[in-house]
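Chain by chain, the residues:
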Amino acid sequence: MDRKDVFNSPQAAEDKKRRGEERENYIRDWLYKQGIKYERDAGAKDGKKVDFLLDEPMLYDGRKICWIESKASFGDEEALRSDSGQLRSFSESFGPGLVVYWMGYIDGMDCPEGLYISDISVLEKKLEKPSGQ
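Residues numbered from 1 in each chain as written. Predicted model: local features only at pLDDT ≥ 70, side-chain atom pairs only at ≥ 80, totals over all residues. Heavy atoms only, no water.

Things to note about the environment of Ile106
Convention followed: In DSSP terms, a helix is any run of H or I states spanning at least four residues, a strand is any run of E spanning at least two, and both are numbered starting from the N terminus. For this analysis, residues touch if any pair of their heavy atoms sits within 4.5 Å.
Structurally, Ile106 is set in the loop between strand S4 (97-101) and strand S5 (115-118). As a C-alpha pair, Ile106 and Phe74 span 32 residues in sequence and 8.4 Å in three-dimensional space. Ile106 has contacts with Phe74, Gly75, Asp76 and Glu77, leaving out every residue within four places of it along the chain.

Structure below.
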């Protein structure tokens, strides 16, 4: 019997990296079409890098966000717990933000204050400037 670890192989790691880059390109294009400027891979206080740091705060579904992080995975309690250190660092450094779990997420999860979650449906929405800007 040929036992190959297809989930942890170098090929699987390369595929995951490629999928992650593709999803980040979707967000890049979505922001570009809306004329929203951002910095790529901005460093937080602890050196962790956020995918998209918006040049100015925007509203996503009426909630202020300052950054967007792309996750080419499914968002459940375990993923959120695993990502929480990184996401907390971004919130402490930059303010509230949006995490896009491209494989979907469990609705109604208890997220830390200032952290919002979406899935691929984010591409159907438009960010807005907060009133007064």
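Thoughts on the side chain of Gln34
Note the cut-off: Partly exposed describes any residue whose relative accessible area lies between the buried limit of under 20% and the exposed limit of over 50%, with all areas from a 1.4 Å probe on protein chains only and scaled to the type maximum. For this analysis, a polar contact is any N or O atom pair within 3.5 Å, provided that within protein one partner can donate a hydrogen and the other can accept it, and provided that sequence-adjacent residues contribute only side-chain to side-chain pairs.
Along the chain, Gln34 turns up in the loop between helix H1 (10-33) and strand S1 (38-43). Its relative accessible area of 19% is what places Gln34 among the buried residues. Reaching out from Gln34, the side chain makes a polar contact with the backbone oxygen of Trp30 at a distance of 3.3 Å. When near neighbours in sequence (up to four residues on either side) are disregarded, Gln34 contacts Lys125, Lys126 and Leu127.

Quick look at the pairing of strand S3 (residues 63-71)
Cut-off, in case you're wondering: One bridge is not enough; two strands pair if DSSP finds at least two bridges between them. A right-handed crossover is one whose linking path, passing over the helix from the first strand to the second, runs clockwise when the strands point away from the viewer.
Burial analysis of S3 places seven of its nine residues in the buried class, the great majority of the element. Sheet topology places strand S2 (residues 49-60) next to S3; five bridges connect them, and they run antiparallel. Across the sheet, Tyr60 pairs through a bridge with Arg63, a residue of S3. Count of turn residues in the S2/S3 antiparallel hairpin: two residues, of which Asp61 carries a positive phi of about 50°. With five bridges connecting them, S3 and S4 associate as parallel partners. Within the sheet, the bridge partner assigned to Ser70 lies in S4 and is Val100. Since S3 and S4 lie parallel, the crossover through helix H2 (residues 77-94) that links them has a hand, and here it is right-handed.

Comments concerning the confidence of the model for the protein
As a reminder, the rule being used: Note: pLDDT gives the predictor's confidence per residue, expressed from 0 to 100.
The share of residues in the protein with pLDDT of 70 or more is 88%, and the mean pLDDT across the chain is 87. The lowest-confidence element of the protein is H1, averaging 81 in pLDDT; the highest-confidence one is S2, averaging 96.

Points about the sheet that holds S5
The cut-off we apply is this: Only C-alpha atoms enter the line fits that serve as axes; for helices the fit covers just the stretch in contact. Angles between N-to-C directions range over 0 to 180 degrees.
Spatially, S1-S2-S3-S4-S5 is the arrangement adopted by the five strands of the open sheet, whose pairing is mixed. Lying at the two open borders of the sheet, with one neighbouring strand each, are S1 and S5. Averaged over all neighbouring strand pairs, the angle between strand axes comes to 35°, with direction disregarded. Contacts from H2 reach S1, S2, S3, S4 and S5, with the element oriented near 135° to S3.

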